[in-house]
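Here are the chains, one letter per residue:
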Amino acid sequence: MGKVLLVTGGSRGIGAAACILAAQKGWDVAVNYSTNAQAAEGVVRQIEAAGGRAIAVQADVANEDQVLAMFQKVRSELGPLQGLVNNAGVVDVSARLDEMSMARWRRMFDINVLGSMLCAREAILQMSTKHGGQGGSIVNLSSAASRLGSPGQYLDYAAAKGAIDSFTLGLAKEVAAEGIRVNAIRPGLIDTEIHASGGLPNRVKDLEHLVPAKRGGSAMEVAQAIVWLLSEDASYTTMSLVDVSGGR
Ligand code: NAP
């Protein structure tokens, strides 16, 4: 049996690529999803077909009861965690700040920020040597938006990812002596369905001229960095914010 990894939002996009690549590297993978069970089962089947071990597990990361039940299920079916990828995240439609509602901001921060903090808390309770664990690695998905600010589009999303950067820096220091490394990836324009969910299905093509590399990235290119940060090859890397953005 491999080391146990939970990927939130592992059913589609970057999360799905991370699940598939991590399984190839020997991790036993819990594939979290919120609503799309079919997509999560598809990732599990793909991992199993390649000889890996995986389960699908539902939880809205912004719902504490569902998150607690998810961590319990993963522990009882796969064993104690040694890896967490806080990948579940959402955008919203383009708007200026003076057009946005409190309800939109609450959803943005509940899922993107509080969901990541909640899952990290539960992971630390299993991983930390202070709590009898064997240590581990946490990778948070931030965004290039935390640097760029996303004016006129979704600066609430950018601000939420800025919070993820700060959270990563602080948590990395807090648990470094307990065997846990904490890092973040800041992807740039990556070709997934997230852009269509924000009403801009062609966003990658439309903006790729702004990327020094002159193209969008793939989910697997981000997954490569995630799985490296999870691995022992990154054993002295903690508190890093890794830009996977083609230079943007
Ligand atoms: P995506 O294709 O839209 O996939 C999102 C995933 O998150 C799905 O598996 C979805 O599951 C899950 N999810 C959404 N809300 C959830 C919730 N409340 N609880 C649990 N799971 C939830 O997104 P992506 O492009 O792969 O993005 C992944 C991460 O990378 C996000 O944090 C995003 O902000 C970040 N990122 C992406 C880009 C990019 O260009 N794509 C750039 C920078 C940063 P369901 O289908 O079940 O809802």
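Going by the structure above, here's the rest.
Residues numbered from 1 in each chain as written. Predicted model: local features only at pLDDT ≥ 70, side-chain atom pairs only at ≥ 80, totals over all residues. Heavy atoms only, no water.

Asks: How do you make sense of the environment of Ala172 when you look at a structure like this?
Replies: Relative to the helices and strands, Ala172 resides in helix α6 (residues 155-175). C-alpha of Ala172 to C-alpha of Ile55: the two residues are 117 residues apart in sequence and 28 Å apart in space. Dropping the residues within four chain positions of it, Ala172 is found in contact with Val182, Thr238 and Met239. (Helix = DSSP H or I, 4+ residues; strand = E, 2+ residues; numbered from the N terminus. Contact = heavy atoms within 4.5 Å.)

Asks: Even after reading the chapter, I still don't get the packing of aromatic side chains, so can you show me in this structure?
Replies: Each aromatic ring pair is summarised here by two numbers: the centre-to-centre distance and the angle between the ring planes. Applying the stated criterion to the full structure yields one aromatic pair. Summarising the aromatic geometry, the rings of Tyr154 and Tyr157 are spaced 5.0 Å apart at their centres and angled 65° between planes, so their arrangement reads as edge-to-face. Accessibility classification places Tyr154 together with Tyr157 in one group, the buried group. (Phe/Tyr/Trp six-rings, centres within 6.5 Å; stacked < 30°, edge-to-face > 60°. Buried < 20%, exposed > 50% of the residue type's maximum accessible area, 1.4 Å probe, protein only.)

Asks: Where do I start with the site of the ligand in this structure?
Replies: What surrounds the ligand is a group of 31 residues, the closest being Ser11, Ile14, Thr35, Tyr157 and Thr192. When the ligand is considered free in solution it has 900 Å² of accessible area, and contact with the protein chains removes 95% of it. For the shell around the ligand, the secondary-structure elements that each account for two or more residues are α1 (13-24), β2 (28-33), α6 and α7 (194-197). The residue makeup of the shell around the ligand, split by class, is 13 nonpolar, 14 polar and four charged. (Near = heavy atom within 4 Å. Areas by Shrake-Rupley, 256 points an atom, 1.4 Å probe, with all protein chains shown as cover. Nonpolar A, V, L, I, M, F, W, Y, C, P; charged D, E, K, R; others polar.)

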